[in-house]
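# Summary of structural features
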Amino acid sequence: MTRQKNLIPAEKQDVPTIPTSSFPIVGIGASAGGLAAIEAFFSGLPPDVDPGMAFVLVQHLDPDHKSILTELIQRTTRMQVFEVKDGVVVQPNCIYIIPPNRDMAFLNGTLQLLEPAAPRGHRLPIDFLFRSLALDQHERAIGIVLSGTGSDGTLGVRAIKGDGGMVMVQTPASCEFDGMPQSALATGLVDYELPPAEMATQLIAYVTHAFGHPPQSATVATPHTENALKKIFVLLRSQTGHDFSQYKPNTIFRRIERRMAVHQIEGIEDYVKYLQQSPIEVQALFNDLLIGVTNFFRDPEAFALLESLVIPKLFEGKTAGSAVRVWCAGCSTGEEAYSIAILLQERLEALKVSYKVQVFATDIDSRAIAVARAGLYPCSIADDISPERLARFFTAEPDGSAYSVHKGIRDMLVFSEQDVIKDPPFSRLDLISCRNLLIYLGPELQRKLISLFHYALLPGGVLFLGTSETAGEQGSLFSVLDRKAKIYRRKEDFQGTQRAALGRFLPPLTERDLTLPTTPGKAAQVPKLSLRELTEQTLLQQVALVAALVNGQGDILYLHGRTGLYLEPAPGEAGINNILKMAREGLRSDLTTSLHKAAKGSDTVRALGVRVKTNGHFTLVNLSVCPVAGSPSATLESPLFLVMLEKAPDANAADSKSPPAPATLPTIRAAGGSDNLGADASAQIAELNEELHAKEEYLHAANEELETTNEELKSSNEEMQSVNEELQSTNEELETSKEEMQSINEELSTVNSELQAKLGDLSRANNDMNNLLAGTGIGTIFVDHELRILRFTPAASQIINLILNDVGRPVAHIVSNLVGYTTLVADVETVLKTLVPKEVEVQTFDAKTYTLRILPYRTLDNVIEGAVITFVEITEVKRVREALHKANELLRLAVVVRDAHDAITVQELSGRIIAWNPGAERLYGWSEAEALQMNVRERIPKALQEAALAQVHRLSQAQTLAPYPTRRLTKDGRVLDVSLTATALLNEAGQVYAIATTERPSDTAAAPG
C-alpha cells in the first residue's frame, strides 16, 4: 500500500503484527446512497478517544473506476484509513475499505481479497464479508447495514446473530434507499435500529459492556446464577410455552449475556427483574435462543453423499405410487427442507416413476416457519445453489431482489410449528434430517430425541445429523453409513419396540409370526389345506383321540372326536365357540395357561393329570397344546394350535401329583389327627398347592398379556398422537393454502374489477366509434384478405345493398347502386397486393357523387389484415365546384368590364341601375355608389324617355337590339351623344331579368329622328 496522508507508514504495513489481544471487528455494508450514512456514522465517533475496535467497510463500487472512498472517509475520523491489500492484518482503531472489483473475507485476523465469481449485478460482497466475519470472530463480530438497494447483507446478518454477534441497521426513514435495511429488519434479528449519527454512541456502549470486562464463566457454577437461570426458564416457559431448562447451559448463558450487553445490564439478577417487567424482552430472548443459521445445501460434501448414498435407497423396493416420507426437524427458515426436496425431485425425474413424496418440515420458531412457507429468499442464495438448480427450481422476482421456490417443489413440503421435545413425532419415515439441533441440547434431551427418531423411522430408515453431532449413547440403535457426514441407518431393536409398533397396524401377531421362515417369491405356492386335513395330519403325529383346532384366542375352528366329556356349550347367545369358555370345571385354568405358553413359545405344552369334573365325578386328563406347523398364515390373522385331551390312568395321575408340602405336615399332625387323616390331609394339601400353582401361572400369564396390551395401547396412543400431529400440520398447511387462495381471490377480484373497467371503457369506445362512423355519414366497409365483409357503417348500406346478415359474405356477392363502376373487387385486390391506396370518384343512381377510397387495414403491430373501403359524399362539393367555376368565369368577365374604356352598365327592367363600371364613371361623372342609387330615367333626356322604354319592352321579349345612337345626361347636366348596345340578361328559366348596356361617346352620332 502506498504512503498516504495521515495513514500508517508503509514499513508498518509491510511487517504487520498480530494484535496482542482480541477486539471487536465491525463490518459495515452500504450501497446506493450510503456515502452520507458512512460519513455520519464516523463523524459520530468520539474525536479524542480511540474506539478500541476495527472497522471493515464494504460498499458496492464501480469495478471499472478507482475508488476515492478512502480520502473521503479520512476527512471525518482520526483513525487511520486503508484500502485493503490482500492478506493485511487487521489492527484496532483502523478502518479498512474494500477495493473495486473484489470480494473480501475475514480469516484468522486477516483480510483476504478474491476475484468476484458472480457476474456484475449479482455480486453480494456484504454477505460474503459478514458470513466470514461470523465464522472467524463469533461473538466479537458486529454487523452494520446502511442505506442501499437490494438484499445484500441479509444472510450475513443471520450468520452473525447465529454465532452470538450483534447487528445494527440504519432506520429506513433516514435512508436514501431503504432496500437493504428493510430486508435485514425483516429477519427479526436486528438489535438496534438507529440513524447513522446515533449508531456510534450505542456501539461504544455495547462494546464497553460486552468486552470491557473479563467474561463470566459459561459453566454457570454459582448457586445464585443457577437460581437466576431457573427463573429465566420459568419466565420463558410461562410466556412462550417452551422449556429450555435441558438445553446446554453454556449456550443459554452466552445468549443471555449478549442480551444483557444489548441493554447494558450488569448482573443476571437485574436481568431477571428486567424480564419480569418487559414481556417484549422475554420474546426477544426467546428469538435469540432460536437463531438458526442455515442455507441451501449447507455442507456440500454431506449433501453430495446424501444425494448419492441415501436418496436412491429411499425408493428401492417401493412400488409405483407408494409414499416416501421425510421429516426435517428444526428446519429453521426452510433452506434445508427445500434442499432435500430438490434432491428427491431430481431422483424422481431420473426414475421416471410416480411416487408420493412428503417432506414434513417443523420448527419451534413461528417466524421461521412463516418464511419457509412463503418460499421467498434473497438473491444471495445464488452463492449456495448451482446455476442449473437455480434455473430449474427457482423463479427470480421481477425486480431481481429475490428468488421464489417453484410450486412443484413447494407442494412436496408441509411446514408446521412443532416442539420436537414435547410434541408427538411423525412416523413411518424413510429419512429424518436433524442438523445442528442436538449440539444445543443437554445429554438427556439428546438421548430422548435419538430414541424418538429411532421409533419414527421405518426399518432401514436413515438419520441425517449435522457434522458436529453423533448418535451418542444411542449409537447401538443405528449403523454408520458415513461417519464424517453423520449419516446413520436404523437397526432393528431387540427390546420389543418394533413388534409393538407393528401391532398397531397389523392383525394381532405373536413373535412366532415374525420368525416364521418363508421363502421369497414362494408365498403364492403354499398349499392351502382344509381345516379337516390340517387337523388330521397333526393328530396322526400326536396320536390323540379328542382334539380341537383353535387360534391364539381360543376360538374353535375344528373339533375331532368326542369332546363332550371335556367341553360343554357356554350359556348365553350362541356365536363363535371358544374353547376356554366351553371348558368344564377343572380344565379351564390349565387350558388357559397352556394355550398362553404355547402362543409365546414354539414347543408343545403339556399338563398331566388334570382333574376335570364330568357328570358329578372327576376324570383325570392329560392336556397337550401343540402349535400347528405349516398353517396357511397368509389367509389367517393368527397362528393355530391343536388342543389334545387324553384320559389318563389313575396310576399316572397319582405319580404326576406333587408331593405334599413339608411345611404343612407338622400343622396337621399338631391337630391331633391320626396318620391316615394326616395322609389324606397331605394329599388334599398337595392338590390345593397344585391348584394354587396353576392359578399363579394363570395370573402371571394374564399379567403378561395385560402388560403387552398396555404397551401396544401406549404405542398406539403415541402413533395416534403422531397422526394427530400430521393432521394438525396438514391443517395448518391447508389454512395457509386457504389464506393464499384468499389472497389470490383478492388479486383476481382486483384484476376482474380492472377488466370490468376496461370492458366498460371498451364498450364506451365502441359506442363512440359507432356513433362517430354513423354521425360522419361516411360509408365504410371492412373486408379481410378474402374480401369477406367484416363490418360496415349504416351509410354504406345506401351505396351498396347491405344488411346485417351480409357480414361474412364476399363483397362481390353484394349488389351495388354505383353507376358505371364495376371494378371494385379488382381494385381491392390490387390495393392488398401493392399496399398502395386507391381513390375513385363514383356516382349512384340517385345522382349523388362519392369519393371511393380503398386503403390497407393495418393493426397496431403493422400487420395487414384486410382492406377498408370508404365512400365520402361530394355531391354538394361538386355543385359548389361547378358554381365556383362559373363564378370564376364571371370574375374574369368582370375584370374585362372593369378595365374597358366604354361605359358598361346593368339595369333592372324597372330601370334601377345595379352595375356601374369605371368607364361609366369617367364618361358621366357619377361614382359607382351614386349610380347604384339612381334609375336609368335620370340619365335619359325627357324627350328620349318614351323611345327608351320601347326599347326595354323589345328587350324583355328577348329581342336583340343592334347598336344605335342616342343621348345621355352627365352629372354636370351636359347631353352626350353616345352609341349604345343593349343586351337582355336571361336567368335559368330563360326569362329576362336585367339589361346590360355598352355606351361610348360618338361625335357623329345624330339624335334619333
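Residues numbered from 1 in each chain as written. Predicted model: local features only at pLDDT ≥ 70, side-chain atom pairs only at ≥ 80, totals over all residues. Heavy atoms only, no water.

## Topic: the sheet that holds strand β16 (residues 413-417)
Counted only if it meets this: At least two DSSP bridges between two strands are needed for those strands to be called paired. A run of H or I in DSSP becomes a helix once it reaches four residues, and a run of E becomes a strand once it reaches two; helices and strands are each numbered from the N terminus. Helix axes are fitted only over the stretch in contact, all axes being lines through C-alpha atoms; the angle between N-to-C directions runs from 0 to 180 degrees. Note on contacts: a residue pair is in contact if any heavy atoms of the two residues lie within 4.5 Å.
Across the sheet, seven strands lie side by side as β16-β12-β11-β17-β18-β20-β19; this open sheet has mixed pairing. Of all strands in the sheet, those bounded by a partner on one side alone are β16 and β19 (478-482). This sheet shows a mean twist of 20° between the axes of neighbouring strands, independent of strand direction. Pairing of β19 with strand β20 (residues 487-490) involves four bridges; the strand directions are antiparallel. Residue pairing in the sheet places S479 in a bridge with R489 of β20. Relative to β16, helix α14 (residues 366-374) is tilted by about 160°, and along the sheet it contacts β12 (356-363) and β16.

## Describing the packing of helix α2 (residues 34-43) against helix α7 (residues 196-211)
The line we're drawing: Any angle that is under 35 degrees is reported as roughly parallel, and any over 145 degrees as roughly antiparallel; angles of 65 to 115 degrees are reported as roughly perpendicular and all others as oblique. What makes a crossing left-handed is the near helix being turned counterclockwise from the far one by less than a right angle; a clockwise turn instead makes it right-handed.
At a closest axis distance of 7 Å, the pairing of α2 and α7 adopts a crossing angle of 40°. By the angle between their directions, the pair α2 and α7 is classed as oblique. Where α2 crosses over α7, the two elements pack in a sense that is right-handed. In this structure, α2 uses A37, A40 and F41 to contact α7, whose residues at the interface are P196, A197, M199, A200 and L203.

## Focus on the pattern of salt bridges
Keep this limit in mind: Note on definitions: salt bridges are taken to be side-chain nitrogens of Lys or Arg within 4 Å of carboxyl oxygens of Asp or Glu. Partly exposed describes any residue whose relative accessible area lies between the buried limit of under 20% and the exposed limit of over 50%, with all areas from a 1.4 Å probe on protein chains only and scaled to the type maximum.
For the structure on display, the rule yields 29 salt bridges. The shortest N-O distance in the salt bridge between E346 and R392 comes to 4.0 Å. With E346 in helix α13 (residues 335-351) and R392 in helix α15 (residues 387-393), this pair connects stretches of sequence that are 46 residues apart. Between R788 and E786 there is a salt bridge, with its nearest N and O atoms 2.1 Å apart. Residue classification places E786 among the exposed positions, given a relative accessible area of 53%. If you follow the salt bridges from partner to partner, you end up with E307, E346, E349, R389 and R392 in one network.

## A few points about the packing of aromatic side chains
Put simply, the rule reads: Aromatic contacts are taken between Phe, Tyr and Trp rings whose centres are within 6.5 Å, Trp giving its six-membered ring; a plane angle under 30 degrees counts as stacked, one over 60 as edge-to-face, and the others as tilted. Should the NZ of a Lys or the CZ of an Arg lie within 6 Å of a ring centre and within 35 degrees of the ring normal, that charge is described as sitting over the ring.
Under the criterion given, the structure shown has 17 aromatic pairs. Judged by centre distance (6.4 Å) and plane angle (65°), the rings of F478 and Y488 are edge-to-face. Of this pair, F478 sits in strand β19 while Y488 sits in strand β20, and the two are ten residues apart along the sequence. Residue Y488 is classed as buried on the basis of its relative accessible area of 7%. Among the aromatic residues, those joined into a cluster by ring pairs are F296, Y338, Y377, F394 and F415. It is R611 that lies over the ring of F618; its NZ or CZ is 4.2 Å from the centre. Positioned above the aromatic ring of Y924 is the side chain of R939, whose terminal nitrogen or guanidinium carbon lies 4.5 Å from the ring centre.

## Quick word on unusual backbone geometry
With a phi angle near 50°, F297 is a residue other than glycine that sits in the positive phi range. If you trace the backbone, F297 turns up in the loop between α11 (279-289) and α12 (300-315). One non-glycine residue with positive phi stands out, namely N436, at about 60°. Position of N436 among the secondary structure elements: in the loop between β17 (429-434) and α17 (443-456). Classification of N436 by relative accessible area gives buried; the value is 19%.

## Here's the deal with the environment of Y558
Along the polypeptide, Y558 turns up in strand β22 (residues 556-560). For Y558, a relative accessible area of 23% translates into the label partly exposed. Counting along the chain gives 23 residues from Y558 to T535, while the straight-line C-alpha distance between them is 7.5 Å. Not counting chain neighbours up to four residues away, the residues in contact with Y558 comprise L531, R532, T535, A547, A548 and L549.

## Here we look at a nonpolar patch on the surface
Condition: Here the term patch refers to residues with relative accessible area over 30% and no salt bridge, with like charges joined within 9 Å and nonpolar side chains (Val, Leu, Ile, Met, Phe, Trp, Tyr) within 5 Å. To be clear on the numbers: accessible area is Shrake-Rupley with a 1.4 Å probe, and residue cover counts the displayed protein chains and nothing else.
There is a patch of nonpolar side chains on the surface, built from L890, L893 and V896 and spanning about 310 Å² of accessible area. Along the chain, L890 turns up in helix α27 (residues 875-899). Relative accessible area serves as the criterion here: at 57%, L890 is assigned to the exposed category.

## Digging into the side chain of N93
Summarising the element assignment, N93 is placed in the loop between β4 (88-89) and β5 (94-97). If we ignore the near neighbours within four places in the chain, the residues touching N93 are D50, P51, G52, M53, A54, M79 and Q80.

## Brief notes about the pairing of strand β7 (residues 110-114)
As judged from the two bridges shared by β4 and β7, these two strands associate in the antiparallel manner. Bridging from a neighbouring strand, V88 pairs with L111 of β7. Across five bridges, strand β6 (residues 103-107) lies against β7 in antiparallel orientation. When the bridges of β7 are listed, D103 appears paired with L114. Hairpin connection from β6 to β7: two residues lie between these consecutive antiparallel strands, with N108 at a positive phi of about 50°.

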